[in-house]
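Observations on the three-dimensional arrangement
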Amino acid sequence: MVSVNQMSFYFGGQDIFEQISFQINPGDRIGLVGRNGAGKTTLLNLLFKKISPKSGSIDFTNNINIGYLPQDLDFVNDSNLLDEFKKAFNEIQNIERRIEQINHLISSNKDFESKEYLENLDKLSDLQQELNLLGVDKISSEIATVSKGLGFKTTDFERNTDEFSGGWRMRIELVKILLRKPDVLLLDEPTNHLDIESIIWLEKWLKNYSGAIVMVSHDKFFIDNVTNRTIEISFSSISDYKSNYSKYLKLREDRIEKQIQSKKNQEKFVKQTTDLINKFRAKKNKAKFAKSLQTKLDKLEIVKIDENDTSKIKLKFPKAQRSGKVTVKLIDVSKSYSDKLVLENINFELTRGDKVAFVGKNGEGKTTLAKIISNTLDFEGELKIGYNVTTGYYAQDQADYLDNEKTVLETVEYARGYDSSMNARTILGSFLFSDDDVFKKIKVLSGGERARVSLCRLLNDSHNFLIMDEPTNHLDIHSKELLKKALIEFDGTLIIVSHDRDFLSNLTTKVYEFSSKKIKEHRGDINSFLQNKKLSNVRQYENTDNNFIAKKENNDKKKSYHQIKKIEKQKKIILKRIKRTEDEIESLASQLSLIEKKIQENQNNFSKKIEGEEYVNYEKIKQKIKSLEEKWTLLLDELGETS
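Rules used throughout
- Residues numbered from 1 in each chain as written.
- Predicted model: local features only at pLDDT ≥ 70, side-chain atom pairs only at ≥ 80, totals over all residues.
- Heavy atoms only, no water.
- Helix = DSSP H or I, 4+ residues; strand = E, 2+ residues; numbered from the N terminus.
- Buried < 20%, exposed > 50% of the residue type's maximum accessible area, 1.4 Å probe, protein only.
- Contact = heavy atoms within 4.5 Å.
- Areas by Shrake-Rupley, 256 points an atom, 1.4 Å probe, with all protein chains shown as cover.
- Salt bridge = Lys/Arg side-chain N within 4 Å of Asp/Glu carboxyl O.
- Phe/Tyr/Trp six-rings, centres within 6.5 Å; stacked < 30°, edge-to-face > 60°.
- Lys NZ or Arg CZ within 6 Å of the ring centre and 35° of its normal.
- Pairing = 2+ DSSP bridges.
- Axes fitted to C-alpha atoms, helices over the stretch in contact; angles between N-to-C directions.
- Patch = residues over 30% accessible without salt bridge, like charges linked within 9 Å, V, L, I, M, F, W, Y side chains within 5 Å.
- Lys, Arg positive; Asp, Glu negative; His and termini not counted.
- Charge placed at Lys NZ, Arg CZ, Asp CG, Glu CD.
- Parallel < 35°, antiparallel > 145°, perpendicular 65-115°, else oblique.
- Left-handed = near helix turned anticlockwise from the far one by under 90°.
- Expected span 1.5 Å × (residues − 1).
- Core = buried A, V, L, I, M, F, W, Y, C linked by side-chain atoms within 4.5 Å.

**Observations regarding the overall build of the chain**
- Along the chain, the regular secondary structure elements total 20 helices and 18 strands.
- Per-residue burial for the chain yields a buried fraction of 48% across its 643 residues.
- If you take every contact in the chain between residues at least 6 apart in sequence, the share linking residues at least 24 apart comes to 70%.
- Counting every atom, the chain has about 33,400 Å² of accessible surface; 48% of that belongs to carbon and sulfur.

What follows is the structure, encoded as structure tokens:
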């Protein structure tokens, strides 16, 4: 499918890749790994032909279709959500427009024996067969399945795309790419804007995907569960492992151990041979032998040891003063945005040393509550901050608040609370900013680099209460692991908002689930939380809307006999409507089949004439079926909400 041959690429005088070679084959699910700045995104851009190699080549099979989800996109808002999803089926839409044009020509031509009329009949038949091969009848169900899996509701379909935030716009683009089903799928941090439920769904979808996948992800669980091959990028070269990330780590370790042993054996051989050469070189009768030994040494291929890329972030949060027993307390806190109520009567308390995770689907109020606790957002209710508590807040969009005109060094030096006992350059070096990198202006930095600068600023001040909203976005796996280690060693109180299961694993002692404007406390870490959900109601948790679980857990035992009877009655009504809709679809499909049969007979027997109106009727029936299928999908959602 794709062959990279001795490819080199450099940028700004720096070698990014030097004569690398590899192939992408059908069924490959490749994870690209390496530190920030190693070239992972650059390689995806090369594979998508956004940039070209300086030497070597990247060869593609004929008519290959490549889909790419980058980290940053420029969005165009010109349609509602459903129409935007339908753009994924561009080929089908083009054919449907051609069919509409031909139908108009047929209906306006009353000379049924004319050459033009018969040619249009042939074209219409060919286009219809082409549509059927492309699976036109499955479009509605595919859109419903993929969009629902990534968190959209059918009630969102009529909303204009400009009503969605940047994170949800990225989801829209991901839905479109998955619907296109390209031969090669390139994904750059696809989980950055997904909640845990959507990540689990995407994993399952990608596992069943028949094409090739090349992805960059900081989510270790995600990349482990999806990939079957790992390509490590380090020091301008690549190492290719036929395994997922966890196995790659073990294989790499074994490989380096073998290389070290081979290197020791070779050095021992070289020393012994050199000693012999020195010993016999001066002797006439041994000079020839010494020369042959030297020739042998000159031809010896030196064993190389894979370099360990040790340039990782070295994180350690400064020790802070001890706070009082209670860190923060919320009493009857509520928050609305215009007429939309997000949080209602929240009561919440953390004591010194608590480490908790906020989880839940996007839009349920996790970031809102983090902002309220950090006192950066107005609200209703009461917020009490404990004695001697100093709060450090890392916002999800923290990097957007940096001054674009300042350099990296200036940004760190002028950070509030800068610890003069630590050298700014030393801190920046720990964050992979060295030499002239510290003089770069913020505006030229990548998303990952800006995130690292923001983390660096947070390290400059001592806090005993940290609130961190998606801190791992844009961090590579190595950096993320070091941040996690620093947070485990942090002796203060911690609130962490994250969708990253690996990052949250064993980091917190409580999980707060956000659903239906409320929060619910779960003891244990994220693994315990997910395990309990899977054991109790995994299907409902993965397949229903945001409110199902809260309704199920809070109301099952409270439902009265009359409530249950009312729900059962609603179910019966919806089931009847579903059955009636299915019968209508089946009846119309039979009519469609009869018309198609007539079209086929007409092609084989020119003595038979079919009126142009019948072709118009054919298209009307198709549109009616399409409308009924969408109605059927909505009824299924309605049925799920009554469960």
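There is more to say, and it comes next.
**Brief notes about the pattern of salt bridges**
- The tally for this structure, following the rule as stated, stands at 27 salt bridges.
- Linking Asp 378 and Lys 335 is a salt bridge whose minimum nitrogen-to-oxygen distance equals 3.4 Å. Of the two residues, Asp 378 is situated in the loop between helix 11 (366-373) and strand 13 (380-385) and Lys 335 in strand 10 (residues 326-337); the sequence distance between them amounts to 43 residues.
- According to the relative accessible area criterion, Lys 335 is buried, its value standing at 7%.
- Salt bridges sharing common partners tie together Glu 84, Lys 87, Arg 169, Glu 173 and Lys 176.

**Considering the packing of aromatic side chains**
- A complete count under the given rule lists 12 aromatic pairs for this structure.
- Summarising the aromatic geometry, the rings of Phe 152 and Phe 164 are spaced 5.9 Å apart at their centres and angled 70 degrees between planes, so their arrangement reads as edge-to-face. Taken as a pair, Phe 152 in the loop between helix 5 (139-149) and helix 6 (166-180) and Phe 164 in the loop between helix 5 and helix 6 lie far apart in primary sequence, 12 residues in all.
- Counting every residue linked through ring pairs, the aromatic cluster contains Phe 85, Phe 152, Phe 157, Phe 164 and Trp 168.
- The residue whose ring lies beneath Arg 159 is Phe 164, and the NZ or CZ to ring-centre distance is 4.1 Å.
- Arg 171 extends its terminal NZ or CZ atom over the ring of Trp 168, reaching a point 4.2 Å from the ring centre.

**Observations regarding the sheet that holds strand 2 (residues 14-24)**
- Sheet architecture is open: three strands sit in the order 2-1-4, paired in antiparallel fashion. Two strands bound the open sheet, and with one partner strand each, they are strand 2 and strand 4 (55-60). Along the sheet, successive strands turn relative to each other by an average axial angle of 25 degrees, direction set aside.
- By the bridge criterion, five bridges tie strand 1 (residues 2-11) to strand 4 in an arrangement that is antiparallel. Bridge assignment links Ser 3 to a residue of strand 4, and that residue is Asp 59.

**Some points on a positive patch on the surface**
- A contiguous patch of positive charge on the surface is contributed by Lys 572, Lys 576, Arg 580, Lys 624 and Lys 631.
- Those elements giving two or more residues to the positive patch turn out to be helix 19 (561-604) and helix 20 (612-641).
- No other element matches helix 19, which puts three residues into the positive patch.
- Looking at where Lys 576 falls in the secondary structure, it is placed in helix 19.

**Quick notes on the packing of helix 3 (residues 90-108) against helix 4 (residues 115-133)**
- Two elements in contact, helix 3 and helix 4, have axes whose closest approach is 10 Å; the angle formed by their N-to-C orientations is 155 degrees. In terms of their interaxial angle, helix 3 and helix 4 are classed as roughly antiparallel. When you trace helix 3 past helix 4, the crossing you get is left-handed. Residue-level inspection shows Glu 91, Ile 92, Ile 95, Glu 96, Arg 98, Ile 99, Ile 102, Asn 103, Leu 105 and Ile 106 of helix 3 in contact with helix 4, the latter providing Tyr 117, Asn 120, Leu 121, Lys 123, Leu 124, Leu 127, Gln 128, Glu 130 and Leu 131.

**Quick notes on the sheet that holds strand 7 (residues 212-216)**
- Strand order in the open sheet made by the six strands is 5-6-7-3-8-9, with mixed pairing throughout. Unpaired on one side and paired on the other, strand 5 (66-69) and strand 9 (237-241) mark the two borders of the sheet. Strand after strand, the sheet turns through a mean of 15 degrees between neighbouring axes, direction not considered.
- Across four bridges, the pairing between strand 5 and strand 6 (residues 184-188) is parallel. When the sheet's bridge partners are listed, Gly 67 is paired in strand 6 with Leu 185.
- Across the sheet, helix 1 (residues 40-47) is in contact with strand 3 (29-33), strand 5, strand 6, strand 7 and strand 8 (229-234); its angle to strand 6 comes to roughly 150 degrees.
- Together, strand 3, strand 8 and strand 9 form the strand contacts of helix 9 (residues 245-280), whose direction differs from that of strand 9 by roughly 110 degrees.

**Let's talk about helix 9**
- End to end, helix 9 covers 52 Å across 36 residues, agreeing with the expected 52 Å (1.5 Å per residue, within 8%).
- Within helix 9, burial applies to Tyr 245, Tyr 248, Arg 252, Ile 256, Gln 259, Gln 266, Thr 273, Ile 277 and Phe 280.
- On its buried face, helix 9 sits against strand 3, helix 8 (220-226), strand 8, strand 9, helix 10 (284-298) and helix 15 (477-489).

**Looking at the nonpolar core**
- One finds Phe 85, Leu 178, Leu 185 and Leu 206 to be the most contacted residues of the largest nonpolar core, which totals 52 residues.
- For this core, the element with the most residues is helix 6, which contributes eight residues.
- Setting aside residues no more than four positions away along its own chain, Phe 85 makes contact with Ile 143, Ser 147, Phe 152, Phe 157, Ile 172, Val 175, Lys 176 and Leu 179.
- In terms of nonpolar packing, the next biggest core, distinct from the first, is built from 28 residues, Ile 16, Phe 17, Ile 20 and Leu 186 among them.

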